[in-house]
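In case you want the letters, here they are:
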Amino acid sequence: DTAVSQTPKYLVTQMGNDKSIKCEQNLGHDTMYWYKQDSKKFLKIMFSYNNKELIINETVPNRFSPKSPDKAHLNLHINSLELGDSAVYFCASSQGINQPQHFGDGTRLSIL
Amino acid sequence: KQEVTQIPAALSVPEGENLVLNCSFTDSAIYNLQWFRQDPGKGLTSLLLIQSSQREQTSGRLNASLDKSSGRSTLYIAASQPGDSATYLCAVDNTDKLIFGTGTRLQVFP
């Protein structure tokens, strides 16, 4: 009965690879988000989607491409991974914009 | 540009103490402010949300206040317990996104 679930929980890969992180929410929410938490624990929004449409793109490199096949899913694909991409990535969802956000447990990405 | 600051960065208290965590923000034009808890290796759990029109919200031993005009919020934890040990984050809902503070790492020792 997990509300917001992300897979995988851990991802270790080499520089230059392409990887995807999946996110699913079963709360019936319309809005989903991706956040990045860096090594200093600072959380910053990357993207948000409302009803499958992109509404926020916070100057994230175009190597990062979110995809929302339906309202319950927002996946994050990353091309040509770089060392600086190492971080914890959190997915979140909310009923709508300006509504309380519910977070997944995060995906810890480590680039070798 | 909205900036959110939390002080102190870390706090260590004995069990049973009442404590206050502080959050300040530079742009008072906010929709709401949320307080989250983050346990090591875990996601964020929403504790309290205060709408911009509200002054405070309470949930159990937690009380959050909001003073929009001065750009401040406080999270009051009464009778702290070791299980309260975590990082506490405040986040300001500015237009259509959350802007997070850097968090306060709280340790409550028995």
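Residues numbered from 1 in each chain as written. Chains lettered and ligands numbered in written order. Predicted model: local features only at pLDDT ≥ 70, side-chain atom pairs only at ≥ 80, totals over all residues. Heavy atoms only, no water.

Novice: What exactly am I supposed to notice about the overall build of chain B here?
Specialist: Within chain B one finds zero helices and 11 strands. Secondary structure elements of chain B, listed N to C terminal, follow the sequence β-β-β-β-β-β-β-β-β-β-β. Its C-alpha radius of gyration of 13 Å places chain B within 12% of the 13 Å reference for a compact globule of 110 residues. Taken over 110 residues, chain B has a buried fraction of 44%. (Helix = DSSP H or I, 4+ residues; strand = E, 2+ residues; numbered from the N terminus. Rg over C-alpha atoms; globule rule 2.2 N^0.38 Å. Buried < 20%, exposed > 50% of the residue type's maximum accessible area, 1.4 Å probe, protein only.)

Novice: So what exactly am I meant to see when it comes to the sheet that holds strand 7 (residues 64-70) of chain A here?
Specialist: The strands making up a sheet associate through backbone hydrogen bonding, with each pair oriented either parallel or antiparallel. Residues and elements named next belong to chain A. The strand order across the open sheet built from four strands is 1-3-8-7, with neighbouring strands paired in antiparallel fashion. Of all strands in the sheet, those with a lone pairing partner are strand 1 (4-7) and strand 7, marking the two edges. Adjacent strand axes in the sheet meet at a mean angle of 20° when their direction is disregarded. (Pairing = 2+ DSSP bridges. Axes fitted to C-alpha atoms, helices over the stretch in contact; angles between N-to-C directions.)

Novice: Teacher, can you tell me more about the interface of chain A and chain B here?
Specialist: Between chain A and chain B, the residue contacts involve 18 residues of the former and 20 residues of the latter. Of the roughly 1,600 Å² buried at the junction of chain A and chain B (both faces included), carbon and sulfur atoms supply 53%. Along the contact surface separating chain A from chain B lie one salt bridge. Across the salt bridge formed by Glu 58 of chain A and Lys 97 of chain B, the nearest N and O atoms sit 2.7 Å from each other. At the junction of chain A and chain B, the tally comes to four residue pairs in polar contact (both at pLDDT 80 or more). Among the secondary structure elements, those contributing two or more residues to the side of chain A that touches chain B are strand 4 (31-37), strand 5 (43-50) and strand 6 (53-57) of chain A. Residue composition of the side of chain A that touches chain B, grouped by class: 10 nonpolar, five polar and three charged. (Contact = heavy atoms within 4.5 Å. Buried area = accessible area lost by both parts, 1.4 Å probe. Salt bridge = Lys/Arg side-chain N within 4 Å of Asp/Glu carboxyl O. Polar contact = N/O pair within 3.5 Å; in protein donor to acceptor, adjacent residues only side chain to side chain. Nonpolar A, V, L, I, M, F, W, Y, C, P; charged D, E, K, R; others polar.)

Novice: Can you walk me through the nonpolar core in this structure?
Specialist: General note: in soluble globular proteins, nonpolar side chains tend to be found buried as a group. Leu 33, Trp 35 and Leu 75 of chain B are the most contacted members of the largest nonpolar core, which has 23 residues in total. Look past the residues within four positions of Leu 75 of chain B in its chain and what remains in contact with it is Leu 19, Val 20, Leu 21, Trp 35, Leu 47, Leu 48, Leu 62, Asn 63, Ala 64 and Tyr 88 of chain B. Residues Met 46, Tyr 49, Tyr 89 and Leu 109 of chain A belong to the second largest nonpolar core, which totals 20 residues. (Core = buried A, V, L, I, M, F, W, Y, C linked by side-chain atoms within 4.5 Å.)

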